[in-house]
Amino acid sequence: MNPNPTILIVDDEQVVRDSLSKWFREDGYTVSVAASAAEALQQLQVQRWDIILLDIKMPGMDGMELQLRIKEIDPTPTIIFITAHATVDTAVKALKEGAFDYVTKPVDPDYLSHLVSNALKQRSLASENVKLKEQISEFCKADEIIGESPQMHKVYEMIQTVAKTDTTVMIRGESGTGKELIARAIHSNSNRRYFPIVAVNCGGLPEGILESELFGHERGAFTGAQYKRKGKLELADGGTLFLDEVGNIDAKTQMDLLRAIETKQFTRVGGNEIIKVDFRVICATNKDLEKAVSDGTFREDLYYRLNVFTIFIPPLRERKGDIPVLANFFVRKYARAMGKSIDSISPEAMDTLVRYNWPGNVRELENAVERAMVVGKSPAIRPEDLPYQLTEKNHVLPTGSLAAVEKAHIASVLEQNRWNISRSAEILQIDRVTLYNKIEKYGLKKPGAA
Amino acid sequence: MLEVSQTVGRLFGLRTDVTAAHLGLELAFDPSRQQYNSTALLAQLVRSYSASQEKNIAVVAVDLYVPVLTFVFGEAQLDGIAAVVSHHRLANQFYGLPRDDRLMLDRLAKEVVHELGHTFGLYHCRHFECVMRSSTYVEEIDLKRNWLCEECQAKLDWQR
């Protein structure tokens, strides 16, 4: 509790002001008095008050009207009405307008003492509650959204703009740009932040499993469903549902999801009970959804339902100024985690990082720095600590024929992705079969393969 | 009164005297409340002893009030020269209980010390047993001791 709470006494009778102020001063409170509503409003400009004792009947503006004006200026003080003429109507009105309590003159000293002490305890709890919520907000803060570039500042502005609304948000950007972090930042800045954000990776789950993951299932709904299970939609009640890789949802689940988003109700797989939920949808994709809509693989109505407010996250190569900021952040992060005394990146190594085009974006940069922190030595990361594909000779494309450039680029992407065909094909924006054909055509060999 | 005076003297390490106070009680009487305005009595005391360097505590038998409260046990000039204390509500008979003069004197001594503490600039104390703890009903006076906690004693020493 504040050791020296402040009390403002507003009463047109001097004897009341004097006796109350004296009584509270003996209790160690900081007390001030006002003989009229006008004086009280002046006092509010001077400082903040914990408790305001208000007389209802005063010449000019009465206590009831003054209460409303006070709430407009500063809604935080606890207001206690104190009056000689109590009626039930005025008491009810005062309490409805937000007063803490209502007492009639003369007041029993014990009652007044307890009333004020209870009011202060309640204020203390309320301020503790605010502090705890702030602490939760701090914990929730997505602290790895780093970037000082104008493009990222625009993203931050968009997060702030949309967070407080309940609008559906679509986050678009290449793989590794940090779409989930943006979703978490929106959630933690929204009014739903004290409820969960539930993430579903729609790309990583087969058709039936995704449906069950989203909507849950009843016992016996399908082979292996031994127990009833709540889906992610139910778990997100009150909070945010984050649908990652939303472009990969199959046709049936798209339809069910659309209905659930529109009506905020659904049934579990194999069940009849209608479950009502309240959630906000944030989704992310790196796919060309417009093309998917025109191809007929993504429902147009779901597309419009999801694509209300779009945030584009620029790829790292388009905001090279952020590379040093991010790289230094990851150095500090991994130095702490690994207990290493490396605290910087040498100018040569930083130059290599900045010149590289980062097809895997921030995720790739983080992996590169993490690797360098493992192999590097104090005090700074050197170019030789960086992954092989970052060195200049590897990312400078050959001159000459188009085929040579294509071969070198495919080889480089395969190398960067450790010969993960799906991922490489995704980055190259070709299908897997085409990639296999190109590998064969150019005679590319996986290192270590026979 | 002599006993109360001695207790006060012991606690504060002061010389104490008991004399008759010439107060115009009738001037502080409110017929509608059938009580005496303690602030008005205190003002009389301050006027009468304005030239005095000493602390002057008037003990009265009448029921005291301040306008906004139903009653007070006493009232002091904070960091001043005067205080007024009533034993009207300190007696068991007021609450329909058997007379107990010993208890009444104990209570009176505590209240005199309490108001005198205010004249030395002491505020209400949160220490449960400290005599400077605020008492809004008589049982609370019984709960505290006629004793200043370390913090209040230190403040008192500093004030003096």
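Residues numbered from 1 in each chain as written. Chains lettered and ligands numbered in written order. Predicted model: local features only at pLDDT ≥ 70, side-chain atom pairs only at ≥ 80, totals over all residues. Heavy atoms only, no water.

Enquirer: Please set out helix α10 (residues 251-263) of chain A residue by residue, giving values where relevant.
Expert: All names here are of chain A. Taking 1.5 Å per residue as the helical rise, α10 with its 13 residues ought to reach 18 Å, and the 19 Å between its terminal C-alpha atoms agrees with that figure. Within α10, the full set of buried residues consists of Thr 253, Gln 254, Asp 256, Leu 257, Leu 258, Ala 260 and Ile 261. Where α10 is buried, its residues touch α8 (207-215), α9 (232-235), β10 (240-244), β11 (265-267), β13 (280-285) and α12 (300-306). A distance of 3.2 Å separates the backbone nitrogen of Lys 252 from a side-chain oxygen at the start of α10, and that oxygen is part of Asp 250. (Helix = DSSP H or I, 4+ residues; strand = E, 2+ residues; numbered from the N terminus. Expected span 1.5 Å × (residues − 1). Buried < 20%, exposed > 50% of the residue type's maximum accessible area, 1.4 Å probe, protein only. Contact = heavy atoms within 4.5 Å. Polar contact = N/O pair within 3.5 Å; in protein donor to acceptor, adjacent residues only side chain to side chain.)

Enquirer: Break down the interface of chain B and chain A for me, with residues and values.
Expert: Interface size is commonly expressed as the accessible surface area that is lost when the partners come together. Contact residues are listed per partner, giving 18 residues for chain B and 19 residues for chain A. Buried area between chain B and chain A, both sides added, is near 1600 Å², and the carbon and sulfur share of it is 64%. On the chain B side of the interface with chain A, the three residues burying the most area are Val68(B), Leu69(B) and Thr136(B), jointly 36% of the side's total. Scanning the region where chain B abuts chain A turns up one salt bridge. The residue Lys22(A) makes a salt bridge to Glu75(B) at a minimum N-O spacing of 3.3 Å. Counting across the chain B and chain A interface gives eight residue pairs in polar contact (both at pLDDT 80 or more). Class assignment for the residues of the side of chain B that touches chain A results in 10 nonpolar, six polar and two charged. (Buried area = accessible area lost by both parts, 1.4 Å probe. Salt bridge = Lys/Arg side-chain N within 4 Å of Asp/Glu carboxyl O. Nonpolar A, V, L, I, M, F, W, Y, C, P; charged D, E, K, R; others polar.)

Enquirer: Before we move on, could you go through the sheet that holds strand β6 (residues 169-173) of chain A and cite the residues and values that matter?
Expert: The strands making up a sheet associate through backbone hydrogen bonding, with each pair oriented either parallel or antiparallel. Residues and elements named next belong to chain A. In space, the five strands of this open sheet follow the order β7-β10-β13-β6-β14, with parallel pairing throughout. With partners counted over all chains shown, the strands left at the sheet margins are β7 (197-201) and β14 (309-313), one partner each. Neighbour-to-neighbour, the strand axes of the sheet open up by a mean angle of 20°, direction not taken into account. The pairing of β10 with β13 spans four bridges and is parallel. Residue pairing for β13: Leu 241 is matched across the bridge by Val 281. On the sheet, helix α6 (residues 150-163) packs against β6, β13 and β14 and is oriented at approximately 155° with respect to β14. (Pairing = 2+ DSSP bridges. Axes fitted to C-alpha atoms, helices over the stretch in contact; angles between N-to-C directions.)

Enquirer: An account of the packing of aromatic side chains is requested, with residue identities and associated values reported.
Expert: Under the defined criterion, the tally for this structure stands at 10 aromatic pairs over all chains. Measuring from centroid to centroid gives 5.4 Å for Trp23(A) and Phe24(A), while their planes differ by 75°, and the two rings are edge-to-face. Taken as a pair, Trp23(A) and Phe24(A) share a single burial class, namely buried. Residues Phe94(B) and Tyr95(B) carry aromatic rings whose centres are separated by 5.0 Å and whose planes lie at 75° to one another, so their mutual orientation is edge-to-face. Residue Phe94(B) is classed as partly exposed on the basis of its relative accessible area, which comes to 35%. On the basis of relative accessibility, which here comes to 34%, the residue Tyr95(B) falls in the partly exposed class. The rings of Trp23(A), Phe24(A) and Tyr29(A) are connected pair by pair, giving a single aromatic cluster. Of note, Lys264(A) hangs over the ring of Phe279(A), and the distance from its end group to the ring centre comes to 5.4 Å. (Phe/Tyr/Trp six-rings, centres within 6.5 Å; stacked < 30°, edge-to-face > 60°. Lys NZ or Arg CZ within 6 Å of the ring centre and 35° of its normal.)

Enquirer: Go over unusual backbone geometry with me, naming the residues and quoting the values.
Expert: Residues and elements named next belong to chain A. The residue after Lys 105, namely Pro 106, is reached through a cis peptide bond having omega -5°. In this model, Ser 378 is joined to Pro 379 through a cis peptide bond whose omega is 5°. Mapping Pro 379 onto the fold places it in the loop between α15 (361-375) and β16 (380-381). The residue Lys 264 is not glycine, and still its phi comes out positive at about 55°. Residue placement: Lys 264 occurs in the loop between α10 and β11. Here the phi dihedral of Trp 358 falls at roughly 50°; this positive angle occurs in a residue that is not glycine. Looking at the element boundaries, Trp 358 is found in the loop between α14 (347-355) and α15.

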